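Chain by chain, the residues run as shown.
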8 protein chains.
Amino acid sequence: MDQTYLMNLLDQVAEGKMSSGEAMEQLKELPFQDLGFAKLDQHRNIRTGYPETIYCEGKTPEQAAAIFARLNANNSNILGTRASAEIFEKVRETVPEAVYHPAARVITVKKDQKLLTDKVIAVITAGTSDIPVAEEAAITAETMGNPVDRIFDVGVAGIHRLFDKLPRIRSANVVIVVAGMEGALASVVGGLVDKPVIAVPTSVGYGASFGGISALLTMLNSCAAGIAVVNIDNGFGAGYLASNINRL
Amino acid sequence: MDQTYLMNLLDQVAEGKMSSGEAMEQLKELPFQDLGFAKLDQHRNIRTGYPETIYCEGKTPEQAAAIFARLNANNSNILGTRASAEIFEKVRETVPEAVYHPAARVITVKKDQKLLTDKVIAVITAGTSDIPVAEEAAITAETMGNPVDRIFDVGVAGIHRLFDKLPRIRSANVVIVVAGMEGALASVVGGLVDKPVIAVPTSVGYGASFGGISALLTMLNSCAAGIAVVNIDNGFGAGYLASNINRL
Amino acid sequence: MDQTYLMNLLDQVAEGKMSSGEAMEQLKELPFQDLGFAKLDQHRNIRTGYPETIYCEGKTPEQAAAIFARLNANNSNILGTRASAEIFEKVRETVPEAVYHPAARVITVKKDQKLLTDKVIAVITAGTSDIPVAEEAAITAETMGNPVDRIFDVGVAGIHRLFDKLPRIRSANVVIVVAGMEGALASVVGGLVDKPVIAVPTSVGYGASFGGISALLTMLNSCAAGIAVVNIDNGFGAGYLASNINRL
Amino acid sequence: MDQTYLMNLLDQVAEGKMSSGEAMEQLKELPFQDLGFAKLDQHRNIRTGYPETIYCEGKTPEQAAAIFARLNANNSNILGTRASAEIFEKVRETVPEAVYHPAARVITVKKDQKLLTDKVIAVITAGTSDIPVAEEAAITAETMGNPVDRIFDVGVAGIHRLFDKLPRIRSANVVIVVAGMEGALASVVGGLVDKPVIAVPTSVGYGASFGGISALLTMLNSCAAGIAVVNIDNGFGAGYLASNINRL
Amino acid sequence: MDQTYLMNLLDQVAEGKMSSGEAMEQLKELPFQDLGFAKLDQHRNIRTGYPETIYCEGKTPEQAAAIFARLNANNSNILGTRASAEIFEKVRETVPEAVYHPAARVITVKKDQKLLTDKVIAVITAGTSDIPVAEEAAITAETMGNPVDRIFDVGVAGIHRLFDKLPRIRSANVVIVVAGMEGALASVVGGLVDKPVIAVPTSVGYGASFGGISALLTMLNSCAAGIAVVNIDNGFGAGYLASNINRL
Amino acid sequence: MDQTYLMNLLDQVAEGKMSSGEAMEQLKELPFQDLGFAKLDQHRNIRTGYPETIYCEGKTPEQAAAIFARLNANNSNILGTRASAEIFEKVRETVPEAVYHPAARVITVKKDQKLLTDKVIAVITAGTSDIPVAEEAAITAETMGNPVDRIFDVGVAGIHRLFDKLPRIRSANVVIVVAGMEGALASVVGGLVDKPVIAVPTSVGYGASFGGISALLTMLNSCAAGIAVVNIDNGFGAGYLASNINRL
Amino acid sequence: MDQTYLMNLLDQVAEGKMSSGEAMEQLKELPFQDLGFAKLDQHRNIRTGYPETIYCEGKTPEQAAAIFARLNANNSNILGTRASAEIFEKVRETVPEAVYHPAARVITVKKDQKLLTDKVIAVITAGTSDIPVAEEAAITAETMGNPVDRIFDVGVAGIHRLFDKLPRIRSANVVIVVAGMEGALASVVGGLVDKPVIAVPTSVGYGASFGGISALLTMLNSCAAGIAVVNIDNGFGAGYLASNINRL
Amino acid sequence: MDQTYLMNLLDQVAEGKMSSGEAMEQLKELPFQDLGFAKLDQHRNIRTGYPETIYCEGKTPEQAAAIFARLNANNSNILGTRASAEIFEKVRETVPEAVYHPAARVITVKKDQKLLTDKVIAVITAGTSDIPVAEEAAITAETMGNPVDRIFDVGVAGIHRLFDKLPRIRSANVVIVVAGMEGALASVVGGLVDKPVIAVPTSVGYGASFGGISALLTMLNSCAAGIAVVNIDNGFGAGYLASNINRL
């Protein structure tokens, strides 16, 4: 039920064309969601700059391309995650301005290029194998209007590499730490900065890393206080959360 | 926002005391739930005969007794699960008609004793150690107005005991199977009856039974089609579900 | 031992052609199942409308087709689950009236098209990726003679979509909730309806969803009382159970 | 090595009392950390308002009291988590201004009572059993200078209770969701607000809740984007993280 | 239905007191189990020498004593496992000839003391902490009429102790290996003897032994062919299985 | 050191060609295993009829064929498990009498065809998908000289099928039960026979069957006493163990 | 069979008192272990300085004291691990020189106080709660004759504390790192030193630390090369291994 | 900041060209790592003979070859682990002296062929399937300048094979034990030698070996004291650790 309908109904009562009892009956019979959830959805309208997001895994190139085409009619940026090169080939047939980021396996369509803040989100990784997940986080944050500083391959086994970058890390407003294997980087960074730290375990590793469980447990049990953890390999979630924090 | 408020508002519009625009503004500012969820809650009122339920674990006797006292002012039956004898002692100080079922660790206050159906729910167990969970299920179902047939200690290691009771099991409308250890009884019963079967794994067992996980997995993977599984030791959930089915 | 044999034996005793002692010896030597399990099997004959079911996974197209051909000689509907397109190609060579449902990966042969009830089973999903499992459930229920209402993609992250469909969900007699990832939809629906709710966890998700374990645990631990859980991705089991309940 | 020492050394060189070669030797022999990590520690000094924190579990009352007494000489607030009543009895002998919060099992010593921000952190729980963890989060946030809005017992099984509080939840700057059992509340809240959501799984539940694993997995796999997860029962971590975010 | 009843029925037919049709009707109406499972139960009668077994865990001393008293009226040996000293105190009030084996926590009542075979069952343990489980196995086997050779504390960390006993081990007909921690003894013994080896993992150990899981997995994955595994700490099951094998 | 060498040495001492001191030195320097383990190995020689066994998985066809060719020079039967058709093609180039059993993925070379016993090993399965593992067990037992009775597809969901075969099962000396999914068949059979029962969990199933863990746990926790369990899908181990038992 | 016996036998052959054939028969009949394993045990005699070790957990004070008294007759040091104060009270009644280390729960009896090496073993912990395990390691190493340098509470959340001690850590010959929670300290230390690092996960932590599993996985998956891991809380094993390495 | 820079600065102060205050400002502004971590990195320079290591998994042949080419400009040996034949083909285009070890999947470039010690590292395996991991360990140790003795296929199921090699094993300075399935070899070897033992679990096995978890747990729980465990299949880590120990 949109507000026009409600206004009409009130007008009819005001004009005596409908009794208040009749109006009451109509209002009672209306599915509640038409009353209540119009309001629920309003809050989405004020989330300016939020991209439309498509999780491409498990979709055919045709299905993915169709969704991109439909969303492209709106003004929002578009972010397609877990997208194969095949999907991208199909997408750009109808959305030529789409851009593919192969490391992150992300497709972006940016309509609004301006930054919404000048506060930086740092995205750091323990190893080079963690970069795809880190790129997913970084591109997500960028598509949502944040400046991103990428600091890769600074794992704790060679801790001087990390300290070398500490001034850059400390100057960020939010820090995303991406690490597989034992995931110790999150704890070390968490002890060195006083900004929100978001830890992303990756499935990088072998043997008893169990597809990311080892890093996940490390991050959940971190001795450094106040680290936020997201799901294994969930670069998108980390970037989204970091952006939500960065906008406050 | 109750309907009286809404009626008053419509009356004011009808009487010209308030313009339709002003009414619109008021409606827009109302928290939506006052409109919508009045309706949401209505469906609870038609659930006649549903008991009020209190999960007593982790509550002090005083806390539990206070809740019983408050609910006792209503007309519903009351069901307190996972209740210790200590809690019961405190409860019956203020609710003398409360009854304690020590095996099931359940407290009941029955105001409406009549059966809502004559269709029987059979509650069967593999061993004698499964009886407490079975009793929780049985009393839950009885408190919700169902006749219950208890058939205990008919595990598959001595399958003739089960077949001995098969006519009674088959004459039930819904069957609850309670079993720990390897939980095979659920599969055997599921293959012998064509009524809905609800399987309750119990934490009875030792070694690799892992507190009920073995029985839980057995029941989820049953080769007999269409078995409903609830949480380990969740007699209440099984009784509630069985009652929901039995009333259809 | 069919009853004719038993009758003949009794006749011979009655006619004095066989002593009661000789008859006793014969009866003792008969495998008991020929006496007892004739009765066991009788109950299957009254399950009118139950389809013959074939679990196709792990069978070659030739094996599957042979089974379809053999069952096709009976009057029952046939339901083949987890069937690949290759299997279907082979099946329809000998059973031309077979129909393939590619999303559900189900083959049906319907001989008895009439509904056995007008009570509706609602099948709802959290996301679009859950639809294959939901379709398996829906087609199973339909093949067993139930009307089905499909309500897809109403996950809790955009809860207004769910509430929009609530009247339809509430008007169903049994509700099947299909959800992967965190599976929270089952709890929310369980709190909103007072009919039996069957929850199907799916293996949709990544990272710490562990192939459906996350959703499975969510559903088993639901704070909403009386939710029935089946195995991960077990659409068939949910449809079968729902039909069993719907026929009561 | 503090800067005074370094300044003295440079002065001596400048004054010719020490050759540059001798100074070089002294600098080389200094443990590097005295040079480098003086800087490392500087960042701690600017964390004004951060409380000193003591994890009391596993400490004797005497040990805990001694630490409180020592820290009490500083100007910081003090926060003791997982503290028993016995520990508190001992602590207040030497720190009479210490306050005990029994539900949260937290001891606070507040020297700086002023709020550092007027942005609110909402702390909401699914059930009443989750309140102790929620209180740990709330008191942590308050001790760090944040206003907190407590909204308890709004689990998804009775979702109208949640919607009733939605305006309060939405007006917060950061939202902490505390839930055990299946933990579905985090997903529902995550879909309804556009502020950072921190999810705290609790060990509340039984059977297949596995001491909080079920809720933990639910939160990690949430279909709502951008939810931060902390360890099971880690109210302190959630409050600390929320405060870090709220101060940005 | 016992055979007397069936004989009577046939006699009545033979004598013309009942028509064959009437007899047929009676037979059809009899619950099948009365026909079939008379036979099912017959096999129990030939299991001469099998003890009656009582799993005492979770029973009160009174309950356990009552069962002992009732079984004591029969001629079978009685075996009570997982029995506390308190239970034994109560049992011997009514069954004075009961004997308690405190290490094994077993109560035995032996009426038939003769050995049913002279083939030996060897029961060997890795360490001294495994002895209680080994004793449960040994006493079970003895109560079932087997001679037992106990060989304790011959774990692989000092493998010369094992080889010292090899001639005794090899002269046994069946070998039970009881081991906790890493359970490697089963593999070594399995490679040295060509008789059936039954492996019993125990919950002895700490850290990553996980209450016996480590030893259980070791035994299931043994590189020595043909090792039988029973549940963690299941001395009774091992003794029972060994006796079943030893009697062949 | 073979005995000839030792005899020669003693002869030299007896003949005065070597002093006892020199002989002592030689004996001391001999690796002890040459003394001790000659005896260790003797026991292998008396294991007449044991096949040589080759685990083919992970070997190239060339490697496997080379091992077959080498072993073929001996008089033992040969058993190659987990062998692909490709491996068999290569093997029979050099060992033409080799036979391939495709369901079991086993290659046999039988030189000694006679049965070593007339006692039967029954191999029974719950479903048709369990047959490959059952065949591996059956062929292993046959190659080791045992008569085998195959009884397939008698799972507990249609328990009359099992009872139909009960006389055959009971007449066996050892029973192997092969079952996936929930594995309940082992418990039911264990309760119906008084011979040793060997349970083989299979990886057949989906969802929460976890590649055989569900069936494995069921079998370990069986309420029927004295069931021997082997590793998941370990048909070879079950056949080997059954043969070891059957020969006693 | 000791060498005297063998020498006598050879002498008899040399002297013609025994034929070489008779000697051969005697040698053949000797249990092999008497030949071979005399040698096996010799290597123990050269392990000078190794303490006798008693794992006290699960032993009664009387049992433990008896073992101490018996071992005290030898010249070796004695090390009793996991010893309660009650056990110590009993032990010192008969072994007055026994010393109790309450934090480590270790009893030592030192007869040989001299250091066997001047190379230092560093034992470092992440937190104060890890000290008991660290003390077990340190005292084990000391009892085995190694100098130990204890460096406690240098976890990565405040990494400057670690760097402050780095010169001491680097000057050690072997480094033991003891850490619970997320165990990240092992990786950081492993990256900073080029000596063998032994990592001991502790069960310190809560929630998803799962009794030490989190730290264990972290250490197994360490990105720093060549870290040795021992069991959870296994301070003794770490000290023993470190000593074995330190003596090389 | 290298020391030249620091010396220049001090010289300027000494010469009066810069005030001590100005120098102080410069020192304060220098990134601390330039001061501190110069020292940190110095320790790397003294690790003569350490190879540069490249983990090739997940890298394209081009990426791997580029890294080899760059490192080849230095004087260190190079070790590429988990390298496919494809990667090697590409690497040797630019580094013709590279050698491929196909079993170990390792590429080596040796510039310094001399042994740094004559103490031997023994690498032993339980089965032939464990050889690839063992070779990775052996080649790693060799590339780091250690002599290696390979002793393969001496698993405990035929323990005489192990004892046959015991003198060689005992003469080694460090022992690496590589075993899959149940991993019992590590315990047996640990009990037979008094040198450091490094255990490497492999993913060899099936069923309940769970990709190496069974062997891993066995090794962590070994009853033989002081066994060092590394990650599943981590031959490189074992070789690296053994070399670190062997050089002491």
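Residues numbered from 1 in each chain as written. Chains lettered and ligands numbered in written order. Predicted model: local features only at pLDDT ≥ 70, side-chain atom pairs only at ≥ 80, totals over all residues. Heavy atoms only, no water.

Draft legend 1. Region of the structure containing the packing of aromatic side chains. With the rule as written, the count across this model stands at 28 aromatic pairs over all chains. Aromatic side chains C:F163 and D:F163 sit 5.3 Å apart centroid to centroid with 70° between the ring planes, which places their arrangement in the edge-to-face category. Residue C:F163 is found in helix α7 (residues 159–164), and its partner D:F163 is found in helix α7 (residues 159–164); the two belong to separate chains. Classification of C:F163 by relative accessible area gives buried; the value is 0%. Geometry around G:Y206 places D:R82 over its ring, the cationic atom sitting 4.2 Å from the centre. (Phe/Tyr/Trp six-rings, centres within 6.5 Å; stacked < 30°, edge-to-face > 60°. Helix = DSSP H or I, 4+ residues; strand = E, 2+ residues; numbered from the N terminus. Buried < 20%, exposed > 50% of the residue type's maximum accessible area, 1.4 Å probe, protein only. Lys NZ or Arg CZ within 6 Å of the ring centre and 35° of its normal.)

Draft legend 2. Highlighting the pattern of salt bridges. Counted by the stated rule, this structure contains 65 salt bridges over all chains. Measuring nitrogen to oxygen at the nearest pair gives 2.8 Å for the salt bridge that ties A:R150 to A:E142. We classify A:E142 as partly exposed; its relative accessible area is 25%. Among the salt bridges present, the one from G:R161 reaches G:D153, with a minimum N-O distance of 3.5 Å. What makes G:D153 partly exposed here is its relative accessible area of 31%. Linked through salt bridges whose partners overlap, the residues forming this network are A:E135, A:E142 and A:R150. (Salt bridge = Lys/Arg side-chain N within 4 Å of Asp/Glu carboxyl O.)

Draft legend 3. Representation of the interface of chain A and chain G within the structure. Contact residues are listed per partner, giving 23 residues for chain A and 23 residues for chain G. Of all residues in chain A, A:E182, A:N221 and A:C223 bury the most surface against chain G, accounting for 29% of the area lost on that side. Seen at the junction of chain A and chain G, the total is 0 salt bridges. At the boundary of chain A and chain G, one finds 13 residue pairs in polar contact (both at pLDDT 80 or more). Of all the elements in the fold, those that place two or more residues in the side of chain A that touches chain G are α7 (159–164), α9 (185–192) and α10 (213–220) of chain A. Grouping the amino acids of the side of chain A that touches chain G by side-chain chemistry returns 15 nonpolar, 7 polar and 1 charged. (Contact = heavy atoms within 4.5 Å. Buried area = accessible area lost by both parts, 1.4 Å probe. Polar contact = N/O pair within 3.5 Å; in protein donor to acceptor, adjacent residues only side chain to side chain. Nonpolar A, V, L, I, M, F, W, Y, C, P; charged D, E, K, R; others polar.)

Draft legend 4. Quick peek at the pairing of strand β1 (residues 52–55) of chain D. Residues and elements named next belong to chain D. Examined bridge by bridge, β1 and strand β2 (residues 78–81) share 4 bridges and lie parallel to one another. Bridge pairing in β2 links E52 to I78. Tracing the backbone out of β1, into helix α4 (residues 61–71) and back to the parallel element β2 gives a crossover that is right-handed. (Pairing = 2+ DSSP bridges. Right-handed = clockwise from strand over helix to strand, strands pointing away.)

Draft legend 5. Focus on the domain arrangement of chain A. Residues and elements named next belong to chain A. Along its sequence, chain A is organised into domain 1 (3–110) and domain 2 (121–246). Residue-level contacts link 16 residues of domain 1 with 13 residues of domain 2. Summing both sides of the interface, domain 1 and domain 2 together bury roughly 1,100 Å²; the carbon and sulfur share of this comes to 62%. Summed over the shared surface of domain 1 and domain 2, the number is 1 salt bridge. Counting the contacts that link domain 1 with domain 2 gives 3 residue pairs in polar contact (both at pLDDT 80 or more). Broken down by secondary-structure element, the contributors of at least two residues to the side of domain 1 that touches domain 2 are β2 (78–81) and β4 (106–109). (Domains from an automatic or database assignment.)

Draft legend 6. Here's a closer look at unusual backbone geometry. All names here are of chain G. The phi torsion at R105 lies on the positive side, around 55°, for a residue other than glycine. As for its position among the elements, R105 is in the loop between β3 (99–101) and β4 (106–109). Even without being a glycine, D153 presents a positive backbone phi close to 70°. For D153, the location among the structural elements is in the loop between β6 (148–151) and α7 (159–164).

Draft legend 7. Spotlight on the packing of helix α10 (residues 213–220) of chain C against helix α10 (residues 213–220) of chain D. It is the contact of α10(C) with α10(D), at a shortest axis distance of 9 Å, that shows an interaxial angle of 125°. Comparing their axes, α10(D) and α10(C) come out oblique. The two elements α10(C) and α10(D) cross, and the hand of that crossing is left-handed. Touching C:S214, C:L217 and C:T218 of α10(C) are D:S214, D:L217 and D:T218, all from α10(D). Taken together, the residues of the contact of α10(C) with α10(D) break down into 2 nonpolar, 4 polar and no charged. (Axes fitted to C-alpha atoms, helices over the stretch in contact; angles between N-to-C directions. Parallel < 35°, antiparallel > 145°, perpendicular 65-115°, else oblique. Left-handed = near helix turned anticlockwise from the far one by under 90°.)

Draft legend 8. Representation of the relation of the copies chain A and chain G in the model. Between chain A and chain G, the superposition needs a rotation of 179° and an axial shift of 0.0 Å, giving an RMSD of 0.2 Å. What the superposition gives is, in effect, a two-fold axis relating one chain to the other. No C-alpha of chain A approaches the rotation axis more nearly than that of A:A184, which lies at 2.4 Å. Take the interface residues of chain A: 100% of them recur as interface residues in chain G, which is what a same-surface contact looks like. (Least-squares fit on C-alpha atoms with pLDDT ≥ 70 in both.)

Draft legend 9. Molecular detail of the relation of the copies chain F and chain E. For these two chains of identical sequence, chain F goes onto chain E by a turn of 179° and a shift of 0.1 Å along the axis, with RMSD 0.4 Å. Same-surface contact between copies: 100% of interface residues of chain F are shared with the interface of chain E.

Draft legend 10. The arrangement of the pairing of strand β8 (residues 197–201) of chain G in detail. Residues and elements named next belong to chain G. Taken across its 5 residues, β8 has 5 buried, putting it largely inside the fold. Along β8, one buried face is formed by V197, A199 and P201 and the opposite face, lined by I198 and V200, is buried too. With 5 bridges connecting them, strand β7 (residues 174–179) and β8 associate as parallel partners. Paired with V177 across the strands is A199, a residue of β8. Regarding topology, helix α9 (residues 185–192) serves as the crossover connection from β7 to the parallel β8, and that connection is right-handed. In this structure, β8 lies alongside strand β9 (residues 227–229), joined through 3 bridges in parallel fashion. The partner of V197 across the bridge, within β9, is I227. For the handedness criterion, the β-α-β arrangement of β8, helix α10 (residues 213–220) and β9 is classed as right-handed.

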